[in-house]
Amino acid sequence: MTLNSKIPAGPLETKWEKYKSTCKLVNPANKRQLEVIVIGTGLAGASAAASLGEMGYKVKAFCFQDSPRRAHSIAAQGGINAAKNYQNDGDSTYRLFYDTIKGGDYRSREGNVYRLASVSSNIIDQCVAQGVPFAREYGGLLSNRSFGGTQVQRTFYAAGQTGQQLLIGAYQALERQIALGNVKMYSRHEMLEIVMIDGKARGIIARDLVSGKLERHFGHAVLLCSGGYGNVFYLSTNAMGSNVTAIWKAHKQGAYFGNPCYTQIHPTCIPVSGDHQSKLTLMSESLRNDGRIWVPKEKGDTRKPNEIPEEERDYYLERRYPAFGNLVPRDVASRAAKERCDAGYGVGSSKQAVYLDFASAIMRYGKVEAGKKGVENVDDATIKQMGDEVVKEKYGNLFEMYEKITGEDPYKVPMRIYPAVHYTMGGLWVDYELMTNVPGLYSLGEANFSDHGANRLGASALMQGLADGYFVIPYTLGNNLADDIRTKAIPTDHPAFMAAEKEVSDRINRLMNIKGKESVESFHKRLGKIMWDKCGMARNAKGLQEAIEEIKALRKEFWSNVFIPGDINEYNPELDKAGRVADFIELGELMCVDALHRNESCGGHFREEYQTEDGEALRQDDQYMYVAAWEYKGDSNFELHKEELNYEVVHPSQRSYK
C-alpha cells in the first residue's frame, strides 16, 4: 500500500501558506465543545496544549512526571535553529531547508521540512515574547553559534541550558491555560491504551501512578507528544523515564511506525565508565562550535593529553572533512570517532574515547579580550584567564557538569568524549497534518518520524517540537475537527472504553503474576546490549538476524521470569518500568527488522556492507527512497507499507562535507 502524505500541491514555498488559507476552521463557540487529549508535556506537548487551550478547545494534558517542567526537553542544552540571518552570513529559509534535507541524507519529506524552516523564525519571536533569555550580542541583537552540518551561524541559545529555558516558556504558557480552566493537567499519569470507536481514536486509558488506579478519558482527538525511544538501548542520553509506551500502544492499535531503525548517535557524550551505569551524559554539541576533536597520532599513546605536542595530534575531523571540520553532522562525527577508537587510537582508560579540546579557543578569546581592553604584552597566563572567563559565560554549566561527573577540569585538560544513543528519527508515521493513519490520532515532536530523515541536525529537535505545537497543529487539528462539531462527548461507560480498560488491567495482572527471579532492570540491560552491539552505530545482516532471535528469546524469558515487587493498587515504579521494558523488547525486534530490510547506509543507519571506499554511507536511491512504515500484525509480525519520497527541488547526491 502506498501512503498518502497529503502534501498540498503547488510550489514548495507556498504550500503551507496555501494550506493555512484554505483549511477548514472551527468557530470559537464550537471549539468550546471539542475535547482534545495531549500525551506528554515537553516542548511539543506543552506548546500544543497551551496553544489549543488559548484557542478555546477543552484540553486534557497528561505526563508521567510530577510536573511538566521535568520533561526531557530540558536536557537539550545547545540551542535552537532558525533562519533569521542575523549574522548576515548567507543564511535563508531555503538554506535551512536544504541543510536539513541533506543532513537527513535525503530520507525526509520536502514539504514538511520546508514548512519547518519557514516557521522557524516565528518560534524565536514567540519565545522572546515569552521572556526566554536568549544570549545577546553587545548591540542587543540575539546571538548565534554554529552547529554541525551547516556553514552558517543560525543556532540561538541560552548559555548551555536552552531546552530548559524554552520549556519554562512553554510551561508558563501552559500553566496560564491551566489557571484559566482551559487545560486540565494530569501529572503522574501514564497513558496505557488508545480507545478506538468506529475507526477513530476517541480517548485513552491512563493509570494514576500514585494510586495505581486506571482511568478512562474521552477526547475528540488524541495528540501523542511523548518523545523518543532511545532508552531501548538502555544506556542513552535520555532521561531514565523516557519510554516508547504511548506510541507503541498506538502502533498496536493500527498506527504505522515509520523508519524505526533510524537512531541518532550523538558524538559528544561522556564515555561509559562501567557496568554500574544506568544512563549517559551528553556534552552539548555546541561545544564542537569552539572545541577541537583529536586523538594521538601514535597508537596506544599513554601520555597525558597536555604532554602530547601539537604535531603529534591527529585532528581527524579537520583532516578528513576540511570544509566543515569539527562541525560535520552528528552521524559523520560519531562514525569517525568509532573508526579512530576501533583502529587503536582511542584515549582514556577504556580506550573508547577521543579528546575535545578547548585550549586554542580559550587563548583565541583571551587575545580578543586583551585587545578590547587595549592591554599589550600580556603573558599567556593572563590571556588564558581572560579566555576562561569568556568560555565560562558561553558554556560554563556544561564545563561544571563535566567536572562534577569526571573529576577533571576541562579548563585545564581536554574533555574525553565518545558517541552514544541520543535522538530517534523514527516514530509514528504522520501525514502533512501530523495525523497518523489512524483518524483522530496525531503525533508531534520526536514521537513522529516526519522531519529529520535518517539523521537530525543539531539544534533541530527544539525547533521541530515547538513548530509542531505552536504553529502547525493549531491549523491542521481544526481542519479535521471541523467535521466533528456535531459529535457529542462519548460517555466513558461505552463498551469500547470498558474493553480497553479490561485489556490494560489483564496485562498488568499478567505481569504481576509472573513472580519470577530476575529484575526488570536486568532484562532492560540485556536488551540494550543486544541493540547497541547489533543495531547500534554499525549494523550488518548477520548481526541483525542474530539480534532478532535473541530478542525473541529474551521476550519469552521476560514473560516467564521477571520479578516485580509490591502491589498493583499503589505507587509501584517497578511495575511502571516493567510495562515500559515489555514494550521496548517488542520495539527492539521491529527496529532490527527495519534495519535488516534496508540494504543501504544512510545517515545514522550504517550497514557495514554498504559503504564507499573511504568509509562513508552508501545510499541506494533507486531501491530505498521511501519511508518504511510498518503495520503491526500480531506478535513478531509486521507488514511493510511504503511512502515514496519525491524530490522536486533538491536533487539527492552523495553527501559530502569535505
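Nothing here was measured: the structure is a model prediction, and the numbers come from that model.

Conventions we followed
Residues numbered from 1 in each chain as written. Predicted model: local features only at pLDDT ≥ 70, side-chain atom pairs only at ≥ 80, totals over all residues. Heavy atoms only, no water. Pairing = 2+ DSSP bridges. Helix = DSSP H or I, 4+ residues; strand = E, 2+ residues; numbered from the N terminus. Axes fitted to C-alpha atoms, helices over the stretch in contact; angles between N-to-C directions. Buried < 20%, exposed > 50% of the residue type's maximum accessible area, 1.4 Å probe, protein only. Core = buried A, V, L, I, M, F, W, Y, C linked by side-chain atoms within 4.5 Å. Contact = heavy atoms within 4.5 Å. Salt bridge = Lys/Arg side-chain N within 4 Å of Asp/Glu carboxyl O. Domains from an automatic or database assignment. Buried area = accessible area lost by both parts, 1.4 Å probe. Polar contact = N/O pair within 3.5 Å; in protein donor to acceptor, adjacent residues only side chain to side chain. Nonpolar A, V, L, I, M, F, W, Y, C, P; charged D, E, K, R; others polar. Phe/Tyr/Trp six-rings, centres within 6.5 Å; stacked < 30°, edge-to-face > 60°. Lys NZ or Arg CZ within 6 Å of the ring centre and 35° of its normal. Parallel < 35°, antiparallel > 145°, perpendicular 65-115°, else oblique.

*Asks:* Looking at this structure, I do not really get the sheet that holds strand β7 (residues 200–208). What am I missing?
*Replies:* Each strand in a sheet pairs with another by means of backbone hydrogen bonds, the pair being arranged parallel or else antiparallel. With respect to topology, 3 strands assemble into an open sheet ordered β6-β7-β8, the strand pairing being antiparallel. Where the open sheet ends on each side, the last strands, each with one partner, are β6 (189–197) and β8 (214–218). Between one strand axis and the next, the sheet turns by 30° as a mean value, whatever way the strands run. Looking at chain direction, β6 and β7 are connected through 8 bridges and run antiparallel. Its bridge partner lying in β7, H189 is registered against D208.

*Asks:* What's the story with unusual backbone geometry in this structure? I'm lost.
*Replies:* Where the residue is not glycine, phi is negative for most of them; where a peptide bond is considered, it is trans in most cases. Phi is positive for A159, close to 50°, though the residue is something other than glycine. A159 sits in the partly exposed class, given a relative accessible area of 25%.

*Asks:* Honestly, the sheet that holds strand β10 (residues 257–258) in this entry has me stumped. Any pointers?
*Replies:* The strand order across the open sheet formed by 4 strands is β16-β10-β20-β21, and the pairing between neighbours is antiparallel. Strand pairing shows two members of the sheet lacking a second neighbour, β16 (427–428) and β21 (638–644), which therefore form its edges. Direction of pairing for β10 relative to β16: antiparallel, over a ladder of 2 bridges. Each residue of the ladder has a partner; that of G258, found in β16, is G427.

*Asks:* How do you make sense of the nonpolar core when you look at a structure like this?
*Replies:* Across soluble globular proteins, nonpolar side chains have a tendency to be buried as a group. Counting residues in hydrophobic clusters, the biggest one holds 114 residues, and the most contacted among them are L224 and F558. The element that contributes the greatest number of residues to this core is helix α16 (residues 573–597), accounting for 11 residues. Residue contacts for L224: discarding those within four places in its chain leaves I39, M191, I194, A246, I247, A250, L428, L441, Y442, S443, L444 and A447.

*Asks:* It is not clear to me how the pattern of salt bridges should be interpreted in this structure. Could you clarify?
*Replies:* As a working rule, side chains carrying opposite charge can pair if their charged atoms are close by. The tally for this structure, following the rule as stated, stands at 62 salt bridges. Where E310 meets R292, a salt bridge forms, and the shortest distance between an N and an O atom there is 3.6 Å. Residue E310 is found in the loop between β12 (292–296) and β13 (313–314), and its partner R292 is found in strand β12; the two are separated by 18 residues along the sequence. Accessibility expressed as a relative area gives 23% for R292, which makes it partly exposed. Across the salt bridge formed by R313 and E310, the nearest N and O atoms sit 3.8 Å from each other. A residue is classified by how much of its surface remains accessible, and R313, at 11% relative accessible area, is buried. In this structure E310 comes out as partly exposed when scored by relative accessible area, which is 43%.

*Asks:* Explain the domain arrangement of the chain here, please?
*Replies:* It is common to report an interface's size as the accessible area lost on association of the parts. Assigned domains within the chain: domain 1 (33–262 + 425–484), domain 2 (265–420) and domain 3 (506–624). When each unit is reduced to the centre of its C-alpha atoms, the spacing between domain 1 and domain 2 is 31 Å. For the pairing of domain 1 and domain 2, the buried interface totals around 2,100 Å² over both sides, and the portion due to carbon and sulfur atoms is 56%. For domain 1, the biggest contributors to the area lost against domain 2 are Q77, L235 and T237; these three give 25% of the whole. Along the contact surface separating domain 1 from domain 2 lie 0 salt bridges. Summed over the shared surface of domain 1 and domain 2, the result is 9 residue pairs in polar contact (both at pLDDT 80 or more). The residue inventory of the side of domain 1 that touches domain 2, partitioned by class, reads 9 nonpolar, 14 polar and 2 charged.

*Asks:* Got a minute to help me understand the pairing of strand β14 (residues 354–357) in this structure?
*Replies:* When a strand is regular, its side chains alternate between the sheet's two faces. Burial along β14 is two-sided: V354 and L356 and Y355 and D357, pointing in opposite directions, are all buried. Bridging between β12 and β14 involves 3 bridges; their strand directions are antiparallel. Looking at the pairing, I293 lines up with L356 of β14. Inspection of the sheet shows β14 paired to strand β15 (residues 415–424) by 3 bridges, in the antiparallel sense. The residue bridging Y355 from the neighbouring strand is R416, located in β15.

*Asks:* Is there a simple way to explain the packing of aromatic side chains in this structure?
*Replies:* The description of an aromatic ring pair uses the distance of the two centres, along with the angle that the planes make with each other. The final tally for this structure, using the stated rule, is 24 aromatic pairs. Their ring planes at 70° and their centres at 6.0 Å tell us that W16 and Y432 sit as a pair that is edge-to-face. Note that W16 is positioned in helix α1 (residues 15–22) and Y432 in the loop between β16 and β17 (441–443), a separation of 416 residues in sequence. By the burial criterion, W16 is buried, and Y432 matches it. Among the aromatic residues, those joined into a cluster by ring pairs are Y229, W248, F257, Y632 and F638. A cation over a ring is seen here: R145 above Y157, with NZ or CZ 3.8 Å from the ring centre.

*Asks:* Explain the packing of helix α10 (residues 359–372) against helix α11 (residues 380–406) here, please?
*Replies:* The interhelical angle for the contact between α10 and α11, taken along N-to-C directions, is 100°, at an axis separation of 7 Å. Classified by the interaxial angle, the pair formed by α10 and α11 is roughly perpendicular. Of the residues in α11, those in contact with I362, M363, Y365, G366, K367, E369 and A370 of α10 are D380, I383, K384, M386, G387, D388, V390, V391 and K394. For the contact of α10 with α11, the class distribution of residues is 8 nonpolar, 2 polar and 6 charged.

*Asks:* Looking at this structure, how should I read the environment of G579?
*Replies:* Within the fold, G579 resides in helix α16. With 72 residues separating them in the primary sequence, G579 and R507 have C-alpha atoms 8.7 Å apart. When sequence neighbours within four positions are dropped, the list of residues in contact with G579 reads T245, R507 and L511.

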